[in-house]
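# A closer look at the structure
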Amino acid sequence: MHIRHFERPFEDVKDLFVISTKNTEYCIGTVYDEGYVSHLYYGKKLNDHDFSGLIRINEYPYGRAGKEREKCSFHDCLSFEYPSHGIGDFREDCLSVETAGGNSACLPLFDSFEIIEGKPKITGLPATFGKKDEVTTLILHCSDKVLKLNVDLIYSSFYDNDVITRSVKISNNADGYIYLKKVYSACLDMDNKDFEALSLHGSWARERHIERTKVTHNKTIIESVRGESSHQDSPFLALTTPDTTQETGEVYAMNFVYSGNFRTGAFLDQFDHIRMFMGIGPEDFKWKLVPGESFETPEVVMTYSDKGLGKMTRSFHDLYREHLIRSPYLHKKRPILINNWEATYFEFDTEKLIAIARQASELGIEMLVMDDGWFGKRDNDSCSLGDWTVNENKLKGGLKYLVDEINKLGMKFGIWFEPEMISPDSDLYRAHPDWAIHIKGREGVRSRNQFVLDLSRKDVCDHIYEQVASILRSANIEYVKWDMNRQLTDIGSAELPADRMGELFHRYVLGVYSLQERLMTEFPNLLLENCSGGGGRFDPGMLYYSPQIWCSDDTDAIERLSIQEGTALVYPLSTMGAHVSDCPNHAVGRTTPFMTRGHVALAGTFGYELDVTRIPKEDVSMIPAQVEEYHRYNDLVREGDYYRLASYSANHTYDLYGVVSKDKREALFTFVQVLGSVNRKSRRIYFRGLDPELRYRIDENERTYTGDMLMNAGYLIPEIHGDFVSILIHMEVYDG
Ligand code: GLA
C-alpha cells in the first residue's frame, strides 16, 4: 500500500497518514481528538514515523498547555494541511467563505477518510490519471459543523513518479447558499531551510525565464489575474535550498493543472516557518454554492527532490508523459510542419500556399499549416474573429480544394483558429454583441482589436464549436493550432446574475476545457497544438488536451535558449512547439546560422516558420539534412530523460543540455556557443545521466569512452569559431 493509516500511533495524534512514493513521503496527522488536520512531514522517505517529539503542540507563549491551551495562538502556529479564514490563523489561508449573514470564518475539522486504488476524476477539469496499480488516493473528509460545509482534501500518490497530486472538493450541506471567496488547492507548512523561491517569469515573446529570490517575511506572490495562466507568470513554484543545483539540494515544487487565474506563493511567518500555497486566483473570484452542490478545485502536482532540480524536472516530465497527456500523438513523431505565419503573415492565397507546400514536400517537410487570415475578410488583425467561413477570394476553389492539393503533394494539412475571440468588426458581433465578455454601458477595452467571447455561456460555446467543427468536417484537416491572443478585461457576462459575476473567470476556463474536450472527442486523431500569442497558456491544463503548445512568438534561436530552458524545467521536450524561422529574425532582428536554428528547434516538436520559396538557397539546401536529423533523433528527444548541463542565461556565454534514453544506451547533447572568444583552450564539459559502466561511441570523432570518463573526467568540445554556433554530440553504446 502506498498510502497507510495508523490509528493513535503516538500521543497527540489520533490518525496518522503516510503517503509514499518511491523516494519520498508525505505525512499528515489529525491532532488530538479535535480533528485538526496537520502537516507533519514531506521529504525523503523515512524508516520511522514517530513524530511525537516533533509536534509543537505545547509551545505557546500564552495560556495553558495541551487541550486547555489558548486556541488563537495555537491556530496561528499549527502546520495546517488546509488553513482556513477567520479563526486565528492570520497567515495566508486557503479557504474563505461568505455566508448569507455576511460572515467569513470557517474551520474544517477531520471526520473520516477513504483510501482508494486509482484516482477519481475532477468534474469538468483536466487532471492527471492512472490505473489502479499506478496511483492510490487518500480522501480526508473534513467539515465545518457550523456552516455544514464538507471539505474533502484529496491526495493521490503516483508512486513511481515521486509525485503527489492534491485537490479539494467543497460541498454545501446546509439549507442555504454560501459563497466561496477563496479555495486554494494545496498548502505546505514547513520549517524554513533558508528556502529560495524559483519561478518562471516573462512577457510576450519572453516567456518562462527562471527567477530565484530568497523567501522572506514579505510574501512572494506569483499570480495571474489575466484570465489565462499568462506569459507573465507561470503556475509553477519551487522552493529550493540555497545549495540547490541541477544535481544537488532539496526542491519542493508545485505546478497547477489549470489555465486561468492562479495564485501561488510562499512566505515566512512570525516564527520563521514557511508556508507555500497554490490555487485559483482569489481576485475577482466568488462562487455561489447552493445546497447540495459541490465545487471541485483544479489539482496541484507536487514533487520533492533531494537531488536537485534535474530530478524534479524528470519527475514532472515522466508524470506528464505517462499520466496527463492523452493525445494519440504523445509517443509518435509529430509531422514536421511548415507554418505560413512568418512566411506570409496575412498575404497569401491558394497559389502561394501550394507553392510553399510543393517545395517543402520535396525537402521532406510533412505538413502545411495555414495560419491566421483564411476566414471572413481578415487581411489584417482588425476584423473577422468569430466568422469562421472560408475567404474564397484568397482560397480560390475553397478549402477542400486546397487541402486536397496539399494532400496530393504527400503532405498533411493543418489550420489555425482563434475560437475564443470575437472582433467588433465581425458578423458574429453585429448579430450578438452580448456574446462578448463586457460590462453593460462601459466601452470594452480592446486588445489586438478584439474582444473575448463569453464562454461561460452554453449557447456561445455551442455556436463556436459548430463553426470550428464544420470547417474540420469539410476537408481532410489533421492538425489545429488553437490560438488565444488577448487577456480578459471588463469582466461581465450578460447571462450571469450579479451575485454570480465572480464565477466568470473560472466558468470561462471551464468553457475552454469543454470546447477542447468536445473537439478531441469528435476528432480523436486530430493533432492539437495550443497557443496563446506564443506561450501565454503553457500549462499542464492545456496539455491534457494537446500534446504540444507553441512555446513563444520569439523564434530567434538565441532568445529561445532561455525560453526553452524555463519551459523544459517543468514540461517535456515533446510538448514544446519549436520551429526554424528566417533571418534576420522577425522578432529581434538577429541573424544566426541556419544550422543553429535547426539544432535549437530539434529540442522541441520541430518545424519551419518561413517561406521556403524565398529563403537563401544555402538554407534550403540544409533542410533535408535537418529533416533527417529530426527523424534520427526525435524518438530519443521525445521519450528520453532531459539533463540541463549549463545555462546561457546564467553564464552568458554558452548553453548545454541533453537527452539520454531511458535505457541509457543513447544520448544527444546540444552545445550552443552564443559568444565566441579568442585565445582560449577548448571547453571541458561533463556529461550527465550516462551509465558509468557502459562504453559510448561519439559520432563526431568516432572514439569510445566509458560513461564514467565522460561524466567525471569530461569531454573537450572541439574548437568552434564564431558567435551563435552549435554542435550536436550524439553517442550510442559501443558493443564492439
Ligand atoms: C499569435 C501566434 C502566432 C500567429 C499569430 C496569428 O501571435 O502566437 O504564431 O499564429 O497569432 O495572428
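For the structure, see preceding data.
This write-up is about the structure you can find in this document. (Residues numbered from 1 in each chain as written. Predicted model: local features only at pLDDT ≥ 70, side-chain atom pairs only at ≥ 80, totals over all residues. Heavy atoms only, no water.)

## Topic: the packing of helix α11 (residues 594–601) against helix α12 (residues 617–639)
The test is simple: Every axis in this analysis is a line fitted to C-alpha atoms, fitted for helices over the stretch in contact. Angles between the N-to-C directions lie between 0 and 180 degrees. For the purposes of this entry, the term helix denotes a DSSP run of H or I that reaches at least four residues, the term strand denotes a run of E that reaches at least two, and both are numbered from the N terminus. Convention used here: angles under 35 degrees read as roughly parallel, angles over 145 as roughly antiparallel, angles from 65 to 115 as roughly perpendicular, and any remaining angle as oblique. Take the far helix as the reference: if the near one is turned anticlockwise from it by less than a right angle, the crossing is left-handed, and if turned clockwise, right-handed. Here a residue-residue contact requires only that any non-hydrogen atoms of the pair lie within 4.5 Å.
Closest axis-to-axis distance for the α11/α12 pair is 10 Å, and the angle between their directions is 25 degrees. In this view, α11 runs roughly parallel relative to α12, as classed from their interaxial angle. The chirality of how α11 crosses α12 is right-handed. Of the residues in α12, those in contact with Phe-594, Met-595, Arg-597, Gly-598 and His-599 of α11 are Asp-619, Met-622, Ile-623, Gln-626 and Glu-629.

## Structural notes on the pattern of salt bridges
Condition: By definition, a salt bridge exists where a carboxyl oxygen of Asp or Glu is found within 4 Å of a side-chain nitrogen of Lys or Arg. A 1.4 Å probe rolled over the protein chains alone gives each residue an accessible area, and that area as a share of the maximum for its type sets the label: buried under 20%, exposed over 50%, partly exposed in between.
The tally for this structure, following the rule as stated, stands at 60 salt bridges. Salt-bridge contacts for Glu-98 lead to Lys-286; the nearest nitrogen and oxygen are separated by 3.5 Å. Of this pair, Glu-98 sits in strand β5 (residues 95–99) while Lys-286 sits in the loop between β17 (273–280) and β18 (287–289), placing them 188 residues apart in sequence. Lys-662 is the salt-bridge partner of Asp-641, the closest N and O atoms lying 2.6 Å from each other. With Asp-641 in strand β32 (residues 641–646) and Lys-662 in the loop between β33 (654–660) and β34 (666–673), this residue pair connects regions lying 21 residues apart in the sequence. Using a relative accessible area of 11% as the deciding quantity, one classes Asp-641 as buried. Several salt bridges converge on common partners, so that one network encompasses Glu-92, Asp-93, Lys-182, Lys-219, Glu-223 and Arg-263.

## With respect to the site of the ligand
Under the convention used in this document: A molecule or strand has a residue near it when one of that residue's heavy atoms lies within 4 Å. A 3.5 Å cut-off defines polar contacts: any pair of N or O atoms within that distance qualifies, except that in protein one atom must be a possible hydrogen donor and the other a possible acceptor, and neighbouring residues in sequence count only when both atoms are side-chain atoms. Here the Shrake-Rupley method, with its probe set to 1.4 Å, supplies the accessible areas, and only the displayed protein chains count as covering residues. Nonpolar residues are Ala, Val, Leu, Ile, Met, Phe, Trp, Tyr, Cys and Pro. Charged residues are Asp, Glu, Lys and Arg, and all others, Gly as well, are polar.
Residues in contact with the ligand amount to 13 residues; listed here are only the nearest, Asp-371, Asp-372, Lys-481, Gly-534 and Asp-553. The separation between an oxygen atom of the ligand and a polar side-chain atom of Lys-481 is 2.7 Å. Surface burial for the ligand is 97%, taken as the share of its 310 Å² of free accessible area covered by protein chains. The residue makeup of the shell around the ligand, split by class, is four nonpolar, three polar and six charged.

## Some words on the sheet that holds strand β4 (residues 36–44)
This is how the line gets drawn: Here the rule is simple: two strands pair whenever DSSP picks up at least two bridges between them.
Spatial strand order, β1-β2-β3-β4: four strands in an open sheet with antiparallel pairing. Two strands lie at the open edges of the sheet, namely β1 (3–10) and β4, each paired on one side alone. Averaged over neighbouring strand pairs, the angle between their axes works out to 20 degrees when direction is ignored. Bridge count for strand β3 (residues 24–31) against β4 is eight bridges, and the pairing is antiparallel. Paired with Thr-24 across the two strands is Lys-44, which belongs to β4.

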